[in-house]
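An overview of the molecular structure
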Amino acid sequence: MCKAGDFMVYQLGAPLLDACVMAALIDGDAYGYVLTKKVQDIIDISESTLYPVLRRLQKDGLLTTYDVPDSGRNRRYYSLTDTGKEKLEYYIKEWREYRDKINTLLGGDL
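What this report covers is the structure whose coordinates are included nearby. (Residues numbered from 1 in each chain as written. Predicted model: local features only at pLDDT ≥ 70, side-chain atom pairs only at ≥ 80, totals over all residues. Heavy atoms only, no water.)

If you trace the three strands from one edge of the open sheet to the other, you get β1-β3-β2, paired in antiparallel fashion. Because the sheet does not close on itself, it has two edges, and the strands there are β1 (30–31) and β2 (63–70). Pairing of β1 with strand β3 (residues 73–80), which is carried by two bridges, proceeds in the antiparallel orientation. Bridge pairing in β3 places Y31 opposite Y77. Sitting on the sheet, helix α3 (residues 47–59) is in contact with β2 and β3, with an inclination near 120° to β2. (Pairing = 2+ DSSP bridges. Helix = DSSP H or I, 4+ residues; strand = E, 2+ residues; numbered from the N terminus. Contact = heavy atoms within 4.5 Å. Axes fitted to C-alpha atoms, helices over the stretch in contact; angles between N-to-C directions.)

Turning next to the packing of aromatic side chains. Tallied over the entire structure, the rule returns four aromatic pairs. Residues Y31 and Y77 carry aromatic rings whose centres are separated by 5.4 Å and whose planes lie at 65° to one another, so their mutual orientation is edge-to-face. In this pair, Y31 sits in strand β1 while Y77 sits in strand β3, placing the two residues 46 residues apart along the sequence. For Y31, a relative accessible area of 18% translates into the label buried. Their ring planes at 45° and their centres at 6.1 Å tell us that Y90 and Y91 sit as a pair that is tilted. Classification of Y90 as partly exposed rests on a relative accessible area of 43%. Residue Y91 is classed as buried on the basis of its relative accessible area, which comes to 14%. (Phe/Tyr/Trp six-rings, centres within 6.5 Å; stacked < 30°, edge-to-face > 60°. Buried < 20%, exposed > 50% of the residue type's maximum accessible area, 1.4 Å probe, protein only.)

Its place among the elements puts T81 in the loop between β3 and α4 (82–106). We classify T81 as buried; its relative accessible area is 18%. Ignoring anything within four residues of it in the chain, the contact list for T81 reads G61, L62, L63 and T64.

Take the packing of helix α1 (residues 14–23) against α3 next. One way to put it is that α1 packs onto α3 with a least axis distance of 11 Å and a crossing angle of 85°. As judged from the angle between their axes, α1 and α3 are roughly perpendicular. On α3, the residues touching L17, D18, V21 and M22 of α1 are T49, L50, V53, L54, R56 and L57. Of the residues belonging to the contact of α1 with α3, the class tally is seven nonpolar, one polar and two charged. (Parallel < 35°, antiparallel > 145°, perpendicular 65-115°, else oblique. Nonpolar A, V, L, I, M, F, W, Y, C, P; charged D, E, K, R; others polar.)

What follows is the structure in structure tokens.
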């Protein structure tokens, strides 16, 4: 039986992980620590897994970064690019279709 705070047993593929990371930025920019916590509240992922994803998404033009000074150090903020927003919309559409097909296989309106 699942309890509050339990994580899913299903593995995330790279596109779904990308979508989750980008979705965590849909309401606005976030610096690394906050972004990590937002994603970790939903899926079981380590920082050592998340930061390479962020670098790849940035390299692919889906995210951009900027630094903001804070208490003598810089915080690196991540932001969705227009291309990233378009890709996230595509991922959401694909996810909904996939979810509906899986729900059909598993027994209807779950």
